Amino acid sequence: VAELCAPVAAPAAMEAREPLRDLRGALRAVLARVREGEPGEGREPFELPRFWEALGQTCKVTSQEATKLSLAFSRPPLTSAEDCQKLSEDVQNAILAVATVYYWLPKGQGTTLRKMVRDATTEVVEGMIQLTETILSAPLESLSQEQLISTGGVWEACEQVSNLPRDNQAAVVSALAACLGVVKDALEEMERALVEGQDPYSDIMEDEELGFRGNRDTYWSEADRKLLSSCMGLMKASKACLKKVLGVVKAYGKADSPEQIAQLDDLADIANEISPSVDELALSMYPPMNQLAVRLNVNTQEAFLINFLHFCRTSHVCPPSEEGWVQFLTGAVDHNMNKIKNFTQGQL
């Protein structure tokens, strides 16, 4: 609308913004490389403190360039094509510097740490693309709410880099804590459903053609409730496993050798399988309960938990003084599994 109302200014505006379109394309290419590219195992000895200092510095510069770009397109006079070209080059160079430093981080520092740094780097690049697109679609010489939000998004993404875990031990602690949170939420939700006897389909209206949902959709039978009790026991064992492993990784976890780093990554990888499998189990427990689906889900859950405990016991995070709870939790998993197998034997 603004361009239609000001036909004289429109060609100049189009020309001024042309470098931004090129910038957007360049940033999208950087984003694809960060998402899919592999790290370069540098020739120089890698130093983690130097890496963090460089990444922090490049993110600081990127944040400043986002501010400059946003201000240039927030008020009259209209930014010239020449100035826009300079701004675009500065932004592109800042983003390339962030991506380049990310590529310094070798896989040997830990896949869990590397994924977190990659995700944070991706958010910085995505934030800058969003800001560029907002400026391109905004009316001339005006600071829109969207532009303010997009600028703040780049600042926030750059700031988040400074809060990242500093080595693989800290990264795995963070990953395990996130998995524990998911399992806690699933367990609390299921406990509420059992206490309240709530109908998980209460938000679905009755349908004249389909008819009433009927009791089987909204209530657990007596046999269901017996099976539920053991399934809840397995969910509680999952929570206890994650909590205890999180505790020993905090207390004894190290990232000083390739072997230690790899062991921590293994624990994080299995934990990342446990939390979604707990969610799957919880979903299959709601009425109408399909006991075969429950049995299949608990089999998966058991395999992950036993694997998790085995990895923990054979790794550097589990000194002899911690082996007692590993054996106890292995027994708790077996106990609940045996009860579930008895309840669902007819389903197989």
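Preceding this paragraph is the structure being described.
The shown structure was predicted, so the numbers you read here are calculated from the model rather than taken from an experiment.

1. Regarding the pattern of salt bridges
Opposite charge on two side chains makes pairing possible when the charged atoms of those side chains draw close. A complete count under the given rule lists 7 salt bridges for this structure. Arg 35 is the partner of Glu 126 in a salt bridge, and the nearest nitrogen-oxygen pair spans 2.5 Å. In this pair, Glu 126 sits in helix α5 (residues 111-137) while Arg 35 sits in helix α2 (residues 9-36), placing the two residues 91 residues apart along the sequence. According to the relative accessible area criterion, Glu 126 is partly exposed, its value standing at 31%. A salt bridge links Lys 115 to Asp 119; its shortest N-O distance comes to 2.9 Å. Of this pair, Lys 115 and Asp 119 both sit in helix α5, separated by 4 residues, roughly a single helical turn. With a relative accessible area of 44%, Lys 115 lands in the partly exposed category. On the accessibility criterion, Asp 119 (30% relative accessible area) is partly exposed. Beyond isolated ion pairs, a larger network of salt bridges with shared partners links Lys 115, Arg 118 and Asp 119.

2. Notes on the packing of aromatic side chains
Applying the stated criterion across every chain, the model contains 3 aromatic pairs. Centre to centre, the rings of Phe 51 and Trp 52 are 5.0 Å apart; their planes meet at 70°, and the pair counts as edge-to-face. We note that Phe 51, like Trp 52, is buried. Joined through ring pairs, the aromatic side chains of Phe 46, Phe 51 and Trp 52 make up one cluster. Above the plane of the ring of Trp 52 lies Arg 166, whose end atom (NZ or CZ) is 4.1 Å from the centre.

Definitions and cut-offs
- Residues numbered from 1 in each chain as written.
- Predicted model: local features only at pLDDT ≥ 70, side-chain atom pairs only at ≥ 80, totals over all residues.
- Heavy atoms only, no water.
- Salt bridge = Lys/Arg side-chain N within 4 Å of Asp/Glu carboxyl O.
- Helix = DSSP H or I, 4+ residues; strand = E, 2+ residues; numbered from the N terminus.
- Buried < 20%, exposed > 50% of the residue type's maximum accessible area, 1.4 Å probe, protein only.
- Phe/Tyr/Trp six-rings, centres within 6.5 Å; stacked < 30°, edge-to-face > 60°.
- Lys NZ or Arg CZ within 6 Å of the ring centre and 35° of its normal.

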